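# Coordinate inspection notes
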Amino acid sequence: MRKTFLAITLFLAFSKAALAQFGNCTASEMRTYVDSATGNTITMLTDTMKNDRFLYQTDPMWTADGKYLLFRSSSRGNDKEVESTLPNGEKRKWTPTQIYFIEMATGKIIQATEGPNLGSAFLANKTNRMFVSRKEKENWNMYVMDLDKFFADVKQGKVGKPSAYETFIGTFPTEMGRPGGYAVDCNDDYAYITVEREGTEEEKERMMKNAFLPESNQPVKIKPTLCGIRKMNLSTGEVTKVIDTEFKTGHIQASRFTPGEIVFCNETGGDAHQRMWFCTADGTVFKPLYKETPLDWVTHETFATKDFVYFNILGFQPRLRKQASGIVRINLRTDDVELIGQVELEKDRQAIDGQLVGRGFWHCNASRDNKWAVGDTFGGNVWLINVQTGERHWLVSDTKMKPDHAHPSFSPDGTKVLFQSGHFTNGKRLNLMMVDISSFK
């Protein structure tokens, strides 16, 4: 009897430990390979066995001290599949996504969240903290996590429960709309949150009247929706209105350099009459950013430096190649527009049967010192461009752009380019990768 009791106790203890994923560490998965087409040495940060992804390329992924790199995964935590009901009543099954950090000095991977209710995570700019949104019962709640304390306990092997590191900030009021994505102001004072809202019948009628009508061969991927932006005081939890919009608001970004400046887009899933928008946190400025013409297909804007927003003008269709296309930047202070560069248009011309072979650049980013631009292409390549000279460097080949795009971004010091690649799995899963560009002039 005693042996049986002891066996059961040990089994329960083991089972509890197996389920407690928060704070778990796994060994480094880093290794390198040489890109056969470009000759560059690529560092693989994660292996090909897990469903790993970086955050979206516009969000910060490095802790303030530069020692840890954040990514997300829906398979590393061994979470069970969850079923939820969407606002329209539709049932959806999904595996919870968790947040992980790579300790760059060792390659060690650390799990930093657990449970089924994680919304999204956003790193602070000034300190080693992480803002975490959670859906708890019917509430959207915001917390802040002390990463210094968490990493210290990880090193000592005595990690507590998530509540030991998280502080509750506030609950988003339901009357403010249904919250979605968010960005954190450069001083970490406010979170700027996109919402969907009901609005008035007059607003809905005006929204449909002004909605974008795509070309006959373009699907309507995202329907127009009354939306807006709200801000949450990250000290008090108070939520106030910034602006309302009469289109689907997406890709919200806050300047890393100037408080109270916000860039966002009219998200259609494709082209738009006017994609990029700018506003201030007090709501006094709300205007289009880069006023588009019918021949402009604008996509994937990135709040890059203090004065510049980078974006792409596509040139993948014959009608779009009648004017300049490629990576472009606009000066927030003067509205001046400059073309940074374009590649792979010959592939665009050769693309047949609707294959997304070229399209030139798709996503772009800029180093904080404004020296470099980087972009991925539907040809599966990542290119580096010297902003001052226009010189182009082919960094990476054959990322597959599946099951997700490469989404390149820079390390804070501008010496490394991060990207994700389906190269080694033929587009079935992603490796998280990095290439050092410090030798490029």
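Residues numbered from 1 in each chain as written. Predicted model: local features only at pLDDT ≥ 70, side-chain atom pairs only at ≥ 80, totals over all residues. Heavy atoms only, no water.

Labelled according to an unreviewed UniProt entry, the protein appears under the name Oligogalacturonate lyase domain-containing protein, originating from Phocaeicola dorei CL02T12C06.

Turning our eyes to something else, we now look at the domain arrangement of the protein. Taken domain by domain, the protein consists of domain 1 (29-46 + 293-440) and domain 2 (171-288). Once you take the C-alpha centre of each, domain 1 and domain 2 turn out to be 26 Å apart. Listed by partner, the interface residues are 19 residues for domain 1 and 20 residues for domain 2. Around 1,700 Å² of area is buried between domain 1 and domain 2 when both sides are counted, 54% of it from carbon and sulfur atoms. Broken down residue by residue, the surface that domain 1 buries against domain 2 is led by Trp-297, Glu-301 and Phe-303, which jointly contribute 42%. Between Arg-333 and Glu-261 there is a salt bridge, with the nearest N and O atoms lying 2.7 Å from each other. At the surface where domain 1 touches domain 2, the tally comes to 5 residue pairs in polar contact (both at pLDDT 80 or more). Listing elements by their share of the side of domain 1 that touches domain 2, those giving two or more residues are β22 (298-303) and β23 (308-313). Take the side of domain 1 that touches domain 2: its biggest share by element is 6 residues, from β22. (Domains from an automatic or database assignment. Contact = heavy atoms within 4.5 Å. Buried area = accessible area lost by both parts, 1.4 Å probe. Salt bridge = Lys/Arg side-chain N within 4 Å of Asp/Glu carboxyl O. Polar contact = N/O pair within 3.5 Å; in protein donor to acceptor, adjacent residues only side chain to side chain. Helix = DSSP H or I, 4+ residues; strand = E, 2+ residues; numbered from the N terminus.)

Structurally, the position occupied by Glu-203 is in helix α3 (residues 201-210). What makes Glu-203 buried here is its relative accessible area of 14%. A sequence separation of 43 residues divides Glu-203 from Glu-246, and the C-alpha atoms of the two residues are 6.9 Å apart. Residues within four places of Glu-203 in sequence aside, it is in contact with Arg-197, Leu-226 and Glu-246. Within the local environment of Glu-203, its side chain forms a polar contact with the side chain of Arg-197, the two groups lying 3.0 Å apart. (Buried < 20%, exposed > 50% of the residue type's maximum accessible area, 1.4 Å probe, protein only.)

A few words on the environment of Asp-404. The topology assignment puts Asp-404 in the loop between β29 (392-396) and β30 (409-410). Relative accessible area serves as the criterion here: at 15%, Asp-404 is assigned to the buried category. Between the C-alpha atoms of Asp-404 and Gly-422, which are 18 residues apart in sequence, the distance is 7.9 Å. A polar contact is formed between the side chain of Asp-404 and the side chain of Arg-53, at a distance of 3.0 Å.

Below, the discussion takes up the pattern of salt bridges. Inspection of every chain in the model, using the stated rule, returns 22 salt bridges. We note a salt bridge from Asp-52 to Arg-76, for which the minimum N-O separation is 2.8 Å. With Asp-52 in strand β4 (residues 52-53) and Arg-76 in the loop between β5 (68-73) and β6 (82-85), the pair connects residues that are 24 residues apart, well separated along the chain. Of the two residues, Asp-52 and Arg-76, neither departs from the other in class, the shared state being buried. As a salt-bridge pair, Lys-204 and Glu-201 come within 3.7 Å of each other at their nearest N and O atoms. One end of the pair is Lys-204 and the other is Glu-201, both in helix α3 and 3 residues apart, which spans about a single turn. Classification of Glu-201 as exposed rests on a relative accessible area of 57%. Linked through salt bridges whose partners overlap, the residues forming this network are Arg-197, Glu-203, Arg-230, Lys-241 and Asp-244.

Side chains of residues three or four places apart in an α-helix project in the same direction, reflecting 3.6 residues per turn. By the burial criterion, the buried members of helix α2 (residues 147-156) are Leu-147, Phe-150, Phe-151, Asp-153 and Val-154. Projection of α2 onto a plane perpendicular to its axis shows the buried side chains occupying an angular sector of 160°, all on one side. The exposed residues of α2 that point more than 90 degrees off its buried face are Lys-155 and Gln-156. By the N-cap criterion, in which a side-chain oxygen at the helix start approaches the backbone nitrogen of a residue two or three places on, α2 is capped by Asp-146, the distance to Asp-148 being 3.2 Å. Just downstream of α2 lies Gly-157, where phi reads positive at about 70°. (Arc of directions from axis to C-beta.)

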